[in-house]
Amino acid sequence: MRFGAIPVGHAKGAVLAHSTGAGDRRYRKGHVLAAEDVTILAASGLSEIVVAVLEPGDLGEDQAAEAIAASMRHRHIEVKPAATGRVNLHAREAGVFTVDAGLIDAINAIDPSITVATLAQHATVEKDQMVATVKIIPFAVSGDLVRQATELCAKGEMFAVNAFVAKRVGVIQTVLPSVKASVLDKTARLTEQRLARSGSRLVAERRTAHEVGAVAEATRQLARDNDLVVIFGASALADFDDVIPAAIRAAGGTVVRSGMPVDPGNLLVLGHIGKTAVLGAPGCARSPKENGFDWVLDRLMAGLDVTAADIAGMGVGGLLMEIPTRPQPRDLSAIPPIPRVHAVLLAAGRSSRMGGPNKLLALFQGKPLVRRTAERVLGSKAESTVVVTGHQAGRIGDALAGLDIPAAHNADFASGLASSLKAGVLALPEDAAGALIVLGDMPEVLPADLDRLIEAFERAGGRAVVRATHDGKRGNPVILPRALFPAVAHLEGDTGARHLIESEGVDVIDIEIGAGAAVDVDTPEALAGAGGVLQD
């Protein structure tokens, strides 16, 4: 390929290097100039133009990127169409990403014009998340270079998403007089939330004395009927023959590794009883924040073997974000702030399609729908929650009595959804990095679903819209980043968050949460089908 300025009259078939105007015409960078274009450019007074001219054997940027991407061997990954010399590859399933770093390095060493970038080894990914990209830097590249890349791609699997497999999990929590029942209850809830990202379930829990014999017996019982057993010790691991590793051995199992070079997460224990994995959880696993326990848990849920050598190799990159509540944090000034998400519960609507009754007051298992939704939002990781009221505000307030959820009344509720969005966002604290917008009529959305959205928002640094989906179709709830708050203030009528997402050009992360994202109870028939009973 030749690049540079040439006479306009010789530019037919060349690739335009920079966006160029000619009268009322505007030609975009990368446009292949036709004879008509050359005539128009010459008539506008241009004598020279900067272009890329393909030579025999060259491949255009899109063609080259497509050829390399098509030759790659992978699993559970979708290849997107080429554009501007780039092909993106996305996960078809949620799981754990693995990559042959040697092959990637070999391709990137061929020539600077050909690049491949991927996520880190063993990154946990959501369905539809981008995991790799092929980018051709110039407008064209030699076919010989592309051939070298495709030959390397044929050598073996380049990368894969190892899809999560739903597993049955048993949990053991040991008890000492100093351990509160509320701590044990919270640990069980957080463990359920961690398992939700792989579709796994906590099916049994045992609470035993912090003694080798009691823990061994409980472990032996749970290992018979479950794919994984997780043990939370009331006292931290103090020795490699302490209660948890000793109990695994006493139950007839083997200990693969005690201790890991990941902080937080140092005190993890991994073992097996037959085909059942046993994880001794470090104390930090009682917190929702990422730690070494998550790294091992996700690999096991994705069907990946975890060896002692694997754990020993986690030290590089294993110094994770500090938890400020830990004793003697090493460097609080280096801790990046966690994007704080606050929830807005929309409960101002008139339920006009119900023909009179307010759907938010319909009973689900004896509880008003709006209270059921509010309790689930309050049970999530959202920092705080505000409810936007309007129609029948008094009755909505009565349904929420006793809950820690202040109200922001929208006197203009009849004008449409936009006014309620504005009222809710306006009521959020100044440190709110994101607004979790939850519709009051979502009977199937669980706290774990909301937490998955919040965790995705945190991983994105608070800069993306995070949207719930079902079978790839957009739904609710949705998290709006603070960057969109000013745009919310300009919404009018019945315009909602969807308009902002489509018009503001902010990155969007879709999180599959299941049917709860799409349950529609806007009509009496739909509400009855979902298990609700309308009240007068």
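How each quantity is defined
All residue numbers here refer to positions counted from 1 along the written sequence of the relevant chain. Where totals are concerned, whole chains, interfaces and linings use all residues; where local detail is concerned, this predicted model gives features only for residues with pLDDT of at least 70, and gives and counts side-chain atom pairs only at 80 or more. For side-chain calculations, the full set of non-hydrogen atoms in the structure is used, while hydrogens and water are omitted. Numbered from the N terminus, helices here are DSSP runs of H or I no shorter than four residues, and strands are runs of E no shorter than two. For each residue, the accessible area found with a 1.4 Å probe, counting protein chains only, is set against the maximum for its type, and the residue is called buried under 20%, exposed over 50%, and partly exposed in between. Paired strands, in this sense, are two strands between which DSSP finds at least two bridges. Residue contacts are counted whenever heavy atoms from the two residues lie within 4.5 Å of one another. Here the nonpolar core consists of buried residues drawn from Ala, Val, Leu, Ile, Met, Phe, Trp, Tyr and Cys, with membership extended through side-chain atoms lying within 4.5 Å. Any pair of Phe, Tyr and Trp rings, taking the six-membered ring for Trp, is counted once the centres come within 6.5 Å. Such a pair is stacked with planes under 30 degrees apart, edge-to-face with planes over 60 apart, and tilted for the rest. A 1.4 Å probe that fits but cannot get out identifies a cavity on a 1 Å grid over protein atoms alone, an open set with protein on both sides within 12 Å along at least five of seven lines counts as a pocket, and a residue lines either if it has an atom within 4 Å of a point. Grid points are joined across faces, edges and corners, and a volume is the space filled by probe spheres set on the points. Polarity classes work like this: nonpolar for Ala, Val, Leu, Ile, Met, Phe, Trp, Tyr, Cys and Pro, charged for Asp, Glu, Lys and Arg, and polar for all others, with Gly in that last group. A fitted line through C-alpha atoms represents every axis, and for helices the fit uses only the stretch in contact; the resulting angles, taken between N-to-C directions, go from 0 to 180 degrees.

(A) Highlighting unusual backbone geometry. Put simply, Asp263 and Pro264 share a cis peptide bond, and its omega is 5°. Mapped onto the fold, Pro264 is located in the loop between β19 (254-258) and β20 (269-273). Pro477 follows Asn476 through a cis peptide bond whose omega is 5°. Along the polypeptide, Pro477 turns up in strand β29 (residues 473-481). In this structure, His76 is a non-glycine residue whose phi angle is positive, near 55°. The phi angle at Thr84 is positive, at roughly 50°, despite the residue not being glycine. Among the secondary structure elements, Thr84 is positioned in the loop between β8 (77-79) and β9 (86-91). Thr84 gets classed as exposed once you look at its relative accessible area, which sits at 56%.

(B) A look at the sheet that holds strand β2 (residues 15-16). One open sheet holds the three strands; their spatial order is β1-β5-β2, and the pairing between them is antiparallel. The open sheet is flanked by β1 (2-7) and β2, the only strands paired with a single partner. Judged from the two bridges that link them, β2 and strand β5 (residues 48-53) form a sheet pairing that is antiparallel. Residue Val15 lies in a different strand from β5, and its bridge partner there is Ala52.

(C) Just the environment of Val262, in detail. With respect to the helices and strands, the residue Val262 is situated in the loop between β19 and β20. Classification of Val262 as buried rests on a relative accessible area of 0%. For the pair Val262 and Gly317, spaced 55 residues apart in the sequence, the C-alpha separation amounts to 8.1 Å. Apart from the residues lying within four places of it in its own chain, the contact partners of Val262 are Gly292, Trp295, Met314, Gly318 and Leu320.

(D) Local environment of the nonpolar core. Counting 34 residues, the largest nonpolar core has Ile68, Val134 and Phe159 as the members making the most contacts within it. The set of elements that each furnish at least two residues to this core consists of α2 (61-71), β9, β10 (95-99), α3 (101-108), β11 (114-118), β13 (130-136), α4 (143-153) and β15 (157-163). Sorting elements by how many residues they give to this core places α4 first, with five residues. Discounting chain neighbours no more than four positions away, the residues touching Val134 are Ala65, Ile68, Ala69, Met72, Gly85, Arg86, Val87, Leu89, Thr115 and Val116.

(E) The packing of aromatic side chains, seen in detail. Tallied over the full model, the rule gives two aromatic pairs. With a centroid separation of 6.4 Å and 50° between ring planes, the pair formed by Phe232 and Phe293 is classed as tilted. With Phe232 in strand β18 (residues 228-232) and Phe293 in helix α8 (residues 292-301), the pair connects residues that are 61 residues apart, well separated along the chain. A single burial state applies to Phe232 and to Phe293, both of which are buried.

(F) Just the layout of surface pockets, in detail. Roughly 1,200 Å³ of volume is contained in the second largest pocket. At four residues, the largest contribution of residues to the lining of the second largest pocket is made by β29. Within the lining of the second largest pocket, the residues separate by chemical class into 19 nonpolar, 10 polar and 10 charged.

(G) Summary view of the sheet that holds β8. Ordered by their spatial adjacency, four strands build an open sheet running β8-β9-β13-β11, and the pairing between neighbours is antiparallel. Of all the strands in the sheet, just β8 and β11 have a single pairing partner and so form its edges. With direction set aside, neighbouring strand axes in the sheet form an average angle of 15°. As paired elements, β9 and β13 share five bridges and run antiparallel to each other. Counted as the bridge partner of Val87 is Val134 from β13.

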